[in-house]
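Notes for the structure review
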Amino acid sequence: METEVRQKRRIRRTVKGLAAVLGGLLAAVLLLALLFPISYRVDVTMEGIGWQLGASATEDAVTIQIKGVYHHYLMRDDIFEGDVHIQGVDYTDDKAWSLLPVTLKEGYGELTWFSNSSRLESRHYGFIIADAGMRRVVVGRQGESFGQQGGYLITAPADNHNDAVAKTAVLLKKQFGWLQKIDVSGEYA
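Right, let's walk through the structure included here. This is a predicted model, so every value here is computed, not measured.

**As for the pattern of salt bridges**
On inspection of all chains with the given rule, the structure shows two salt bridges. Salt-bridge contacts for Asp-131 lead to Arg-136; the nearest nitrogen and oxygen are separated by 3.1 Å. Judged by its relative accessible area of 7%, Asp-131 is buried. Among the salt bridges present, the one from Asp-163 reaches Lys-167, with a minimum N-O distance of 3.4 Å. Here Lys-167 and Asp-163 lie together in helix α3 (residues 161–176), a separation of four residues that amounts to about one turn. For Asp-163, a relative accessible area of 18% gives the class buried.

**Section: unusual backbone geometry**
Note the cis peptide between Ala-156 and Pro-157, where omega equals -5°. Among the secondary structure elements, Pro-157 is positioned in the loop between β9 (152–156) and α3. Here Glu-106, not a glycine, exhibits a phi torsion of approximately 55°, which is positive. Relative to the elements of secondary structure, Glu-106 occurs in the loop between β5 (102–104) and β6 (108–115). For Met-134, which is not glycine, the phi dihedral falls at a positive 60°. Assignment of secondary structure puts Met-134 in the loop between β7 (122–130) and β8 (137–141). By relative accessible area, which is 1% here, Met-134 ends up buried.

**Things to note about the nonpolar core**
In this structure, Ile-66, Phe-80, Ile-86 and Leu-111 are the most contacted members of the largest nonpolar core, which totals 27 residues. Beyond its immediate chain neighbours, meaning those up to four positions away, Leu-111 contacts Val-84, Ile-86, Leu-99, Val-102, Arg-123, His-124, Tyr-125, Gly-126, Phe-127, Ile-128 and Val-139. Ile-129, Val-138, Leu-153 and Leu-172 belong to the second-largest nonpolar core, a separate cluster that totals twelve residues.

**Some words on a nonpolar patch on the surface**
Taken together, the side chains of Leu-31, Leu-32, Leu-34, Leu-35, Phe-36, Leu-74 and Met-75 define a hydrophobic patch exposed on the protein surface, amounting to about 750 Å² of accessible area. Locating Leu-31 in the fold gives a position in helix α1 (residues 2–35). According to the relative accessible area criterion, Leu-31 is partly exposed, its value standing at 49%.

Reading the values: the criteria
In every chain, residue numbers begin from 1 and rise along the written sequence. Residue-level local features of this predicted model are given only where pLDDT is at least 70; pairs of side-chain atoms are given and counted only at 80 or more, and the full residue set underlies all totals for whole chains, interfaces and linings. Excluded from the side-chain calculation are hydrogens and water; included are all heavy atoms of the structure. Should a side-chain nitrogen of Lys or Arg be within 4 Å of a carboxyl oxygen of Asp or Glu, the pair is scored as a salt bridge. Partly exposed residues are those whose accessible area sits between 20% and 50% of the maximum for their type, while under 20% is buried and over 50% is exposed, using a 1.4 Å probe and protein chains only. We count a stretch as a helix when DSSP gives it H or I for four or more residues in a row; a strand needs E for two or more, and each element gets its number in order from the N terminus. Only buried residues count toward a nonpolar core. Its members are Ala, Val, Leu, Ile, Met, Phe, Trp, Tyr and Cys residues joined through side-chain atoms within 4.5 Å. In what follows, residue pairs with any heavy atoms lying within 4.5 Å of each other are defined as contacts. Nonpolar side chains (Val, Leu, Ile, Met, Phe, Trp, Tyr) are joined into patches within 5 Å and like charges within 9 Å, using only residues with over 30% relative accessible area and no salt bridge. Surface accessibility in these figures is a Shrake-Rupley result with a 1.4 Å probe; residues are shielded only by whichever protein chains are displayed.

Functional significance is not addressed by these values, which are geometric in nature.
Written out as structure tokens, the structure is:
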């Protein structure tokens, strides 16, 4: 009888010890997941469309190349470190300029390059809205006013103006959960 009681006590202590160890391991894994990002390489070249809000006739074929490392954090903003080359924007292809790391708050970040010879000189292109992994992007130029008659955007990948408008709407809705309604002609509805 006494040995049976001792066995039950030993089993309870073992179970409690295992529970404590498993709880500690789970807490450590969660802490590591919160502090350290999931990082992966990005190397994509996308054919996109440059288009003007409110002007359905505006359509330019634009190639965007994105190469670098995307850091996805669970409890803070994601960060992209690498290069973004935009066809037709000279300094994005120039080795004398480097892109500052892009902090993506809810998928939105700023594109700024600095001179490798003079850290005091920089060029700000505008903004980027991207999904995780930089597989779909919308790029807007600095200084553009947005509304019915303004705002030049590059959407990639996209095949034509209507496709660019539709994909921009989907990406904005997915990233931000809100969107002014835009019809496929590019006009605000």
